[in-house]
Amino acid sequence: MTSTLPTSVDPTAIQEVLDGRWAHVRRDARENLRDPDFLPVYGESMQDARDRVTRAARKLAESGRVGFGFPKEYGGEDDAGGSVSSIEMLAFGDLSLMVKAGVQWGLFGGALQLLGSRRQHEKYLRDVMSFDLPGCFAMTETGHGSDVQQLRTTCTYDPATQCFDLHTPHQAARKDYIGNAAKDGRMAVVFAQLISGGTNHGVHAWLVPIRNDDGTPCAGVTIGDAGPKAGLNGVDNGRLTFDHVQVPRDMLLDRYGQVAEDGTYTSSIENETRRFFTMLGTLVRGRVSVGGSAGSATKLALDIAARYGNVRRQFAAPGDDREIVINDYLVHQRKLLPALATTYALHFAQNELVETMHDVQTAVHVHGEEVDEHAQRELESRAAGLKVAQTWHATRTIQMAREACGGAGYLQENRLPHLKADTDVFTTFEGDNTVLLQLVAKGLLTGYRDTFGSLDGWGRIGFIADMVRETVLERTAARALIARLVDAVGRDDEAPVLDRGWQLKMFEFREKHALEGAIRRLRKNAGTEGMAPFDMFNDVQDHVLRTAETHIDRVVMEAFVAGVDRTTDPAARQLLDTLCDLYALSTIEADKGWFLEHGQLTATRAKLLTSTVNQLIKQLRPHIITLVDAFAIPAEWKAAQILEEEPDRQEVMAARDAEVRSEAEGSQASGESATALEVPPAQ
Ligand SMILES: Cc1cc2nc3c(=O)[nH]c(=O)nc-3n(C[C@H](O)[C@H](O)[C@H](O)COP(=O)(O)OP(=O)(O)OC[C@H]3O[C@@H](n4cnc5c(N)ncnc54)[C@H](O)[C@@H]3O)c2cc1C
């Protein structure tokens, strides 16, 4: 393989493709989000961080950049995609602010908007947008996080008082980890079991005042502080307990379930489980935002590591007096470049997801169209899958970037410790990643016909085994293009590894094989007499999760291929095309044992794969900085001292090189060996 890449590629041509449909939102953020309060402050106390982030949230509200997702009639923009893009941009700043904003305008405001009635919108939405009414999204309890259908808080209607009685029956039912609760929240959207006329109608949500105007807790409400956390120091996570708090009937967010004065319960969705998951499904935006924000943090970490690696020098080649920049080491490139390729792939997949989410939500919430159940289920599954892929990729990549900067990466002043600590919990909140993978798998197995119900053992596994569909891979947005590429390679197992059709076929084969295997095993278990339903599922759980992971990989790969196809600038397209090869081949390489086991690679081709990855890396090495430049992260957002020092550092390095050279000349003249100039190993 010879290098065919142009020597220079304009990063703005790549940026244009990355910025996509909401480029105007990204541009506005880059130009105008310049307040120092929006950036992390190193060594700050928890109290100071909380105060700064509250101040920053208020400034953000005043700037008018929080209304994208809200209805136009209340001063919003009816632009769901814009709201996610705007959060993604905020995530280049202090992640505590991103999370605080996500709680206030995404979770609290979003629940009020999507689960509440027009009357409730009239009364509260403007104050939510202006941050005059800070609020919480109180779902998780100490005893139940992932399985929220089993929440223990009760809200019991009494026709005599026309009020609900909101109650925490025991400690495990206490609301826990709740953002905005410890310091700022005035109200909370509280999730609890709705009981009326002695019947439990399942989990619903109420708008509940938790603090008085003077900041003291409302009668019957106990507020606690979750205390110091591993990261997100500026977010005031807290605990809420309710002691028979009286909540007026009209505070029920009643879009999906209503209680009449006499206590009669009505809902357009009869099945309780179905109703609950429909309610949760409308809140998908939060999950999409967390995935996108993880992507931003990853880009920032890679930007810092790539730039540092380009000036940092360690060791000289034997016989050479000049020390080597660490980005020139193959193993360093092996760390940075595949991670960059995956970050690009995930970015394209995220853009596709945001567009789909925007279109689905606009149809229903702006144009008042009927909910397309299949599209909604598929969206939820895609959102869950990409949240998993992006947050785990962030966790791995930020750690790698930290190590890539050596000791400097461990100093707070270089940003990476904050990125690491703040994004860590992204794998847990907005849905634990392992649990979300099961949601993805369930959608795949049932063809999105039934993704409702607790994931605990999938209860009626026999039923699911009956309805698992014949495996047809649903296509992503690039359906026609992908099909053409895959068809072109046909049954040729010896097609060049750089053939895009062959690469796509490998991703497709792996997913199909995993899915078919999982279906076979589930069916077998369902037909095994005496096997408990829980065991039927649990026996296959690892296989089922792998199915989900291989599915996500394919979706991401296809999004990258479509992204390359949309790139018009020839040089940018060539660079992205090579990066896409790297994503494809490094993903296959990472799983080459499986491909060998399943006859998709011979030993010779497996070795060829590794050498091709190395060659791609060599080709891409000169473009590392272009690839991070294309993220277009404004210099002042990076808040990393090692980057501030970059010009100085280069000067120091140049001076040091000159010194080393003159010493070398002197020592050679005196007969000393050149190897004496080698830098001793680090202490
Ligand atoms: C900083 C922070 C902020 C938060 N903010 C909010 C907020 O504002 N509002 C809110 O309502 N909540 C919030 N949460 C709560 C968060 O959503 C939950 O922590 C999360 O849903 C996980 O629940 P859990 O902690 O009970 O973990 P669990 O559900 O107990 O999970 C523990 C482990 O069990 C595993 N597990 C669980 N079920 C299964 C299964 N079926 N199969 C295999 N493995 C399984 C999981 O993978 C995980 O490893 C926040 C949490 C944190 C840490």
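Residues numbered from 1 in each chain as written. Predicted model: local features only at pLDDT ≥ 70, side-chain atom pairs only at ≥ 80, totals over all residues. Heavy atoms only, no water.

1. So, the overall build of the protein
The following threshold applies: Only DSSP runs of H or I covering at least 4 residues are called helices, and only runs of E covering at least 2 are called strands; the numbering of each starts at the N terminus. Throughout, exposure labels follow a simple rule: accessible area from a 1.4 Å probe, protein chains only, divided by the maximum for the residue type, with under 20% read as buried, over 50% as exposed, and the rest as partly exposed. Note on contacts: a residue pair is in contact if any heavy atoms of the two residues lie within 4.5 Å. Per-residue accessibility takes into account occlusion by the displayed protein chains alone, with areas from the Shrake-Rupley method and a 1.4 Å probe.
Of the regular secondary structure elements, the protein holds 24 helices and 13 strands. Going through the 683 residues of the protein one by one, you find that 58% of them count as buried. Residue pairs in contact within the protein that sit at least 24 positions apart in sequence constitute 74% of those at least 6 positions apart. Summed over its atoms, the accessible surface of the protein is roughly 27400 Å², and 51% of this surface lies on carbon and sulfur atoms.

2. Focus on the site of the ligand
Short version of the rule: The criterion for a residue being near a molecule or strand is simple. One of its heavy atoms has to lie within 4 Å of it. Any pair of N or O atoms that falls within 3.5 Å is considered a polar contact. Within protein, one atom must be able to donate a hydrogen and the other to accept it, and sequence-neighbouring residues count only if both atoms are side-chain atoms. The residue classification treats Ala, Val, Leu, Ile, Met, Phe, Trp, Tyr, Cys and Pro as nonpolar and Asp, Glu, Lys and Arg as charged. All others, Gly included, are polar.
The environment of the ligand is made up of 18 residues, and the closest members are F137, M139, T140, S146 and D432. Here F137 contributes a backbone N or O atom positioned 2.8 Å from a nitrogen atom of the ligand. For the ligand, whose accessible area on its own is 970 Å², the fraction buried by protein is 68%. Elements that contribute at least two residues to the shell around the ligand include exactly strand 4 (175–178) and helix 12 (433–446). The leading source of residues in the shell around the ligand is helix 12, at three residues. Classifying every residue of the shell around the ligand by side-chain character gives seven nonpolar, nine polar and two charged.

3. Some words on the environment of G227
Examined against the element boundaries, G227 turns out to sit in the loop between strand 7 (221–225) and strand 8 (238–242). G227 gets classed as buried once you look at its relative accessible area, which sits at 12%. Along the sequence, G227 and Y177 sit 50 residues apart, while their C-alpha atoms lie 9.5 Å from each other. Residues contacting G227, with those up to four places away along its chain left out, are M46, R50 and N237.

4. So, the side chain of D176
As for its position among the elements, D176 is in strand 4. Within polar-contact distance, the side chain of D176 engages the side chain of R174 at 3.3 Å. In this structure D176 touches T140, E141, T142, G238 and R239, once residues within four positions along its chain are discounted.

5. Brief notes about the pattern of salt bridges
We apply this condition: We define a salt bridge as a contact between a side-chain nitrogen of Lys or Arg and a carboxyl oxygen of Asp or Glu at a distance within 4 Å.
A complete count under the given rule lists 40 salt bridges for this structure. Its salt-bridge partner being E141, residue K175 comes within 3.0 Å of it at the nearest N-O pair. Of this pair, K175 sits in strand 4 while E141 sits in the loop between strand 1 (135–138) and strand 2 (154–158), and the two are 34 residues apart along the sequence. Just as K175 is buried, E141 falls in that class too. Of the charged contacts in the structure, one is a salt bridge between R510 and D553, with a shortest N-O distance of 2.8 Å. With R510 in helix 15 (residues 500–526) and D553 in helix 17 (residues 541–566), this pair connects stretches of sequence that are 43 residues apart.

6. Looking at the pairing of strand 8
Put simply, the rule reads: Strands are treated as partners if at least two bridges between them are detected by DSSP.
Residues G238, L240 and F242 point to one face of strand 8 and are all buried, whereas R239 and T241, pointing to the other face, are not buried. Relative to strand 8, strand 4 runs antiparallel, the two sharing two bridges. Pairing of I178 across the sheet is with G238, part of strand 8.

7. Overview of the confidence of the model for the protein
Close reading of the predicted structure is inappropriate where its pLDDT is low. Worth spelling out the cut-off: pLDDT expresses, on a scale from 0 to 100, how confident the predictor is about each individual residue.
On average, residues of the protein score 91 in pLDDT, and 90% of them are at 70 or above. In the model, residues 667–683 has pLDDT below 50 throughout and makes nine contacts with residues more than four positions away in sequence or in other chains.

8. Structural notes on helix 7 (residues 272–281)
All of the buried residues in helix 7 are R275, F276, F277, T278, M279 and G281. Those residues of helix 7 that are buried lie in contact with helix 5 (95–115), strand 6 (199–209), strand 11 (265–266), helix 8 (284–311) and helix 10 (373–404). A side-chain oxygen of the first residue of helix 7 lies 2.9 Å from the backbone nitrogen of T273; this N-cap is N271.

9. A short note on the side chain of N433
Looking at the element boundaries, N433 is found in helix 12. Here N433 falls in the buried class, since its relative accessible area comes to 1%. A polar contact of 2.9 Å, which involves the side chain of N433, links it to the side chain of K387. For N433, the side chain forms a polar contact with the side chain of T391, separated by 2.9 Å. When sequence neighbours within four positions are dropped, the list of residues in contact with N433 reads K387, V388, T391, W392, F426 and T427.

10. Side note on the environment of M129
Along the chain, the position of M129 falls in helix 6 (residues 118–130). For M129, a relative accessible area of 9% puts it in the buried group. Spatially, the C-alpha atoms of M129 and G67 are 6.4 Å apart, while their sequence positions differ by 62 residues. Discounting residues that sit within four places of it in the chain, M129 has contacts with A61, V66, G67, F70, Y74, G75, G76 and W105.

11. Thoughts on the pairing of strand 12 (residues 313–316)
With two bridges connecting them, strand 12 and strand 13 (residues 323–325) associate as antiparallel partners. Looking at strand 13, one finds that R313 is bridged to V325. Counting the residues that bridge the hairpin from strand 12 to strand 13 gives six residues, and of these G319 lies at a positive phi of roughly 85°.

12. Thoughts on the packing of aromatic side chains
Our working rule: Aromatic pairs are defined between Phe, Tyr and Trp rings, using the six-membered ring for Trp, whenever the two ring centres lie within 6.5 Å; interplanar angles under 30 degrees are classed as stacked, those over 60 as edge-to-face, and all others as tilted. To sit over a ring, a charge needs its Lys NZ or Arg CZ within 6 Å of the ring centre and within 35 degrees of the ring normal.
Counted according to the given criterion, the structure contains 13 aromatic pairs. What links up through ring pairs into an aromatic cluster is the set F348, F507, F560 and Y583. The cationic tip of K299 hangs over the ring face of F631; the distance from NZ or CZ to the ring centre is 5.9 Å. The lysine or arginine in question, R605, covers the ring of W502, its NZ or CZ lying 4.8 Å from the ring centre.

13. Brief notes about the sheet that holds strand 8
Note the threshold: In this analysis, axes come from line fits to C-alpha atoms, helices being fitted only over the stretch in contact, and the angle between any two N-to-C directions falls in the range 0 to 180 degrees.
Spatially, the three strands line up as an open sheet ordered 4-8-7, and their pairing is antiparallel. What marks the edges here is a single partner per strand, and that holds for strand 4 and strand 7. Strand-to-strand, the axes of this sheet are offset by a mean angle of 20°, without reference to chain direction.

14. Overview of the packing of helix 4 (residues 80–90) against helix 8
Geometry of a packed helix pair, given as the angle between the helix axes and the separation of the axes. In plain terms, the rule: Handedness of a helix crossing follows the sense of rotation of the near helix relative to the far helix, less than a right angle counterclockwise being left-handed and clockwise being right-handed.
At a minimum axis separation of 8 Å, helix 4 and helix 8 run at an interaxial angle of 35°. Seen from above, helix 4 lies across helix 8 with right-handed handedness. Judged by residue contacts, A80, S83, V84, I87 and E88 of helix 4 engage R285, V288, S289, G292, S293 and S296 from helix 8. Of the residues contributing to the contact of helix 4 with helix 8, the split by class is four nonpolar, five polar and two charged.

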